[in-house]
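# Descriptive structure summary
One-letter residues, chain by chain:
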Amino acid sequence: MATLQEEISRRRTFAIISHPDAGKTTLTEKFLLYGGAIAQAGEVKGKRERAAKSDWMEIEKQRGISVTSSVMQFQHGGYCINILDTPGHQDFSEDTYRTLMAADSAVIVIDGAKGVEPQTRKLFKVCALRNIPIFTFINKMDRETRDPLELCEEVERELGIDTYPVNWPIGCGKNFKGVYDRATKKITTFTAAMGGQKEVASQEFSLEGDEVNSIIGPDYHRKLMDDIELLDGACDELDMERVSRGNLSPVFFGSALTNFGVETFLEHFLKMTTSPLPRNTTTGMVDPFSPNFSAFVFKIQANMNKAHRDRIAFMRICSGKFEAGMEVTHVQGGRKIRLSQPQQMMAQDRKIVEEAYAGDIIGVFDPGIFSIGDTLCTGEKVEFEGIPTFAPEHFARVRQMDTMKRKQFIKGISQIAQEGAIQIFQEFNTGMEEIIVGVVGELQFEVLTYRLENEYNVEVKLEKLPYEYIRWIENKDEVDVAKIQGTSDMKRIKDLKDNPLLIFVNSWSIGMVEERNPGLKLSEFGHN
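Residues numbered from 1 in each chain as written. Predicted model: local features only at pLDDT ≥ 70, side-chain atom pairs only at ≥ 80, totals over all residues. Heavy atoms only, no water.

### Focus on the overall build of the chain
When its secondary structure is counted, the chain shows 13 helices and 33 strands. When each of the 528 residues of the chain is scored for burial, the buried share is 57%. Expressed as a percentage of contacts within the chain between residues at least 6 apart in sequence, the contacts between residues at least 24 apart total 71%. Counting only carbon and sulfur atoms, one obtains 48% of the accessible surface of the chain, whose full area is about 22300 Å². (Helix = DSSP H or I, 4+ residues; strand = E, 2+ residues; numbered from the N terminus. Buried < 20%, exposed > 50% of the residue type's maximum accessible area, 1.4 Å probe, protein only. Contact = heavy atoms within 4.5 Å. Areas by Shrake-Rupley, 256 points an atom, 1.4 Å probe, with all protein chains shown as cover.)

Right, here's the structure in full:
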């Protein structure tokens with residue numbers, strides 16, 4: 001029997017992030033393939049009969065994109081690995097941010113032909129907020145790509161992080177020969193198997209060996225020798241202390257679609273990352289090896305299973321060991337509860353878990369008592385820091401078409417809001433007659449109408465509003481909100497907890513309102 005210490009030490013929990021279409025979901029699938037979690041990878045767009053394993057919502061399978069984060073666990077080389085696959089689309093960056101709160105490190109996937117894209121920048125900022133180690137996988141080397149040195153420079157310039165190429169590509173596109181490992185000074189070549197559906201056969205050669213010329217050709221050999229000389233002279237040293245602080249990113253090259261370089265990356269990555277790290281609470285740090293169980297909810301997802309119409313609260317275990325049926329304190333609810341139906345996911349396939357350890361992600365049945373950011377623990381009470389709420393940038397008034405379906409409408413929209421996918425507001429002096437929905441990205445409106453229709457059988461009409469800026473009123477008890485001297489483009493609204501907020505069409509109006517109302521304190525972030 002492994003001890004608590006041993007079990008936690010072999011845990012690795014990381015998130016994969018990228019611009020849409022850089023190959024994030026494909027890379028996730030290939031990790032699962034090498035970990036033996038799936039026998040054959042489905043092409044992500046579902047051109048064959050399989051959609052990607054990590055995309056479970058109907059809308060994801062139809063569009064070939066990920067709109068929700070999913071969690072998968074597999075074993076490889078003695079490690080127990082939890083992968084969090086996140087939506088790449090900017091409209092879902094809030095879901096990505098919350099998921100990063102549950103990860104100990106991040107893998108950023110970059111398209112070798114396109115380099116750093118707008119969404120990569122936005123998501124990278126989110127990573128930087130957490131100061132976690134960031135590993136870079138430059139993907140799609142099986143296609144024509146930009147110069148590898150240029151790509152590394154762009155990562156440094158655009159993302160403000162130093163890079164250290166751990167391996168180096170030899171050629172690209174049809175002439176992609178393999179990768180050179182700078183530490184072992186060996187070249188690995190690959191042979192594709194079943195178009196990337198199975199693991200690839202690879203061979204290793206020493207750079208000094210006589211056979212190198214015949215394997216990669218004299219031109220590529222010469223170019224490789226020049227590149228190595230340049231890298232050794234110009235690159236930062238691989239300083240693991242800087243990697244752990246998120247200041248230096250180890251870079252790997254490969255092709256997730258054909259599996260070239262994926263296993264090499266996975267093995268290096270597992271050695272370079274750490275087991276679960278201590279977490280900050282309102283009263284100090286929690287040690288992951290502490291015998292007391294503690295966890296926080298970072299995501300709530302309703303209706304993952306159409307047959308059951310259930311809600312699952314996903315939590316990241318931060319310390320100790322979880323056992324099925326154990327009694328824990330729900331800190332925000334102020335009571336003891338039993339966590340029922342604990343499960344681990346592979347998208348919508350679930351298995352019931354009997355035990356889990358710090359670093360693991362588990363989903364538990366939520367009867368409607370959890371909110372994002374809640375803490376659960378045994379022993380001494382702790383409370384993890386709250387997860388910030390992103391300010392919505394798009395607003396719309398939502399009405400149900402059939403007045404007889406009022407109840408389903410309120411239930412559906414409230415549940416989707418509790419998941420954190422949308423934020424709901426009301427007119428300042430009314431009840432739920434008029435509902436205003438705020439989202440970070442416009443695509444979330446589409447997901448909202450799709451889900452209300454499919455999961456709650458409610459058709460709705462969306463009327464987009466011109467507002468783009470929102471501010472929470474920090475000192476609401478000291479201010480009479482109705483008497484705030486506003487501007488013509490300002491509107492007073494309130495959230496479901498009756499907190500007053502102001503929304504504006506123009507950003508300059510915010511400053512004007514602050515000038516006209518001395519003593520009014522406005523904040524850009526709310527907290528869960």
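### Thoughts on the nonpolar core
Generally speaking, a soluble globular protein has its nonpolar side chains buried in company with each other. One finds Leu 224, Leu 339, Phe 370 and Leu 376 to be the most contacted residues of the largest nonpolar core, which totals 76 residues. When residues of this core are assigned to their parent elements, the largest contribution, six residues, is made by strand β15 (residues 311-319). Listed in part, the 26 residues of the second largest apolar core include Val 243, Val 262, Phe 265 and Phe 269. (Core = buried A, V, L, I, M, F, W, Y, C linked by side-chain atoms within 4.5 Å.)

### Re the confidence of the model for the chain
For the chain, the mean per-residue pLDDT works out to 80, and 83% of the residues sit at or above 70. Per-residue pLDDT stays below 50 along residues 39-51; that stretch engages in 27 contacts with residues further than four places along the chain or on separate chains. Counted against residues more than four places away or in other chains, residues 63-69, with its pLDDT under 50, gives 33 contacts. (pLDDT = per-residue confidence, 0-100.)

### Concerning the sheet that holds strand β29 (residues 469-473)
Pairing is antiparallel across the open sheet formed by eight strands, whose spatial order is β28-β25-β27-β26-β30-β31-β29-β32. What marks the edges here is a single partner per strand, and that holds for β28 (460-465) and β32 (522-523). With four bridges joining them, strand β26 (residues 423-427) and strand β27 (residues 435-439) adopt antiparallel strand pairing. Residue pairing across strands places Gln 423 opposite Gly 438, the latter belonging to β27. Sitting on the sheet, helix α11 (residues 406-418) touches β25 (394-400), β26, β27 and β28, and the angle it makes with β25 is about 155 degrees. Lying over the sheet, helix α13 (residues 508-516) contacts β29, β30 (490-495), β31 (500-504) and β32, oriented at roughly 130 degrees with respect to β31. (Pairing = 2+ DSSP bridges. Axes fitted to C-alpha atoms, helices over the stretch in contact; angles between N-to-C directions.)

### Considering helix α5 (residues 118-130)
What α5 keeps buried is the set Gln 119, Thr 120, Leu 123, Phe 124, Val 126 and Cys 127. Down the axis, α5 shows its buried residues gathered within 155 degrees of arc, on one side only. In α5, the exposed positions angled more than 90 degrees off the buried face are occupied by Pro 118, Lys 125 and Leu 129. (Arc of directions from axis to C-beta.)

### A word on the pattern of salt bridges
Taken as a whole and judged by the stated rule, the model has 23 salt bridges. In this structure, the salt-bridge partner of Glu 150 is Arg 146, at a minimum N-O distance of 3.2 Å. The class for Glu 150 is partly exposed, based on a relative accessible area of 40%. Judged by relative accessible area, which is 23%, Arg 146 ranks as partly exposed. (Salt bridge = Lys/Arg side-chain N within 4 Å of Asp/Glu carboxyl O.)

### A short note on the environment of Cys 377
Along the chain, the position of Cys 377 falls in strand β23 (residues 375-377). Taking the relative accessible area as the measure of exposure, Cys 377 reaches 1% and is therefore buried. The spatial distance from the C-alpha of Cys 377 to the C-alpha of Ala 295 is 6.4 Å, given a sequence separation of 82 residues. The residues touching Cys 377, leaving out its near neighbours within four places in the chain, are Phe 293, Ser 294, Val 328, Thr 329, Val 331 and Val 382.

### Focus: the environment of Met 490
Relative to the helices and strands, Met 490 is located in strand β30. The class of Met 490 is buried, set by a relative accessible area of 11%. When near neighbours in sequence (up to four residues on either side) are disregarded, Met 490 contacts Ile 484, Leu 502, Ile 503, Phe 504 and Val 513.

### Points about the side chain of Lys 140
Positionally, Lys 140 belongs in the loop between β5 (134-139) and α6 (148-159). A relative accessible area of 14% means that Lys 140 is categorised as buried. Those residues in contact with Lys 140 that lie beyond four places of it in its chain are Asp 21, Ala 22, Asp 111, Thr 145, Gly 254 and Ser 255.

### Some thoughts on the packing of aromatic side chains
Within the structure shown, the criterion is met by 10 aromatic pairs. With 5.8 Å between their ring centres and 55 degrees between their planes, Phe 296 and Phe 384 make a pair best called tilted. Separated by 88 residues along the polypeptide, Phe 296 in strand β14 (residues 294-302) and Phe 384 in the loop between β23 and β24 (388-389) bring together distant segments of the chain. Considered together, Phe 296 and Phe 384 belong to a single accessibility category, that of buried residues. Each member of the aromatic cluster is reached from another via a ring pair, and the members are Phe 14, Phe 135, Phe 137, Phe 252, Phe 265 and Phe 269. Directly above the ring of Tyr 164 sits Arg 182, whose terminal nitrogen or CZ lies 4.6 Å from the centroid. (Phe/Tyr/Trp six-rings, centres within 6.5 Å; stacked < 30°, edge-to-face > 60°. Lys NZ or Arg CZ within 6 Å of the ring centre and 35° of its normal.)

### Brief notes about the side chain of Thr 258
Relative to the helices and strands, Thr 258 resides in the loop between β11 (248-253) and α10 (262-272). There is a polar contact of 2.7 Å between the side chain of Thr 258 and the side chain of Ser 255. (Polar contact = N/O pair within 3.5 Å; in protein donor to acceptor, adjacent residues only side chain to side chain.)

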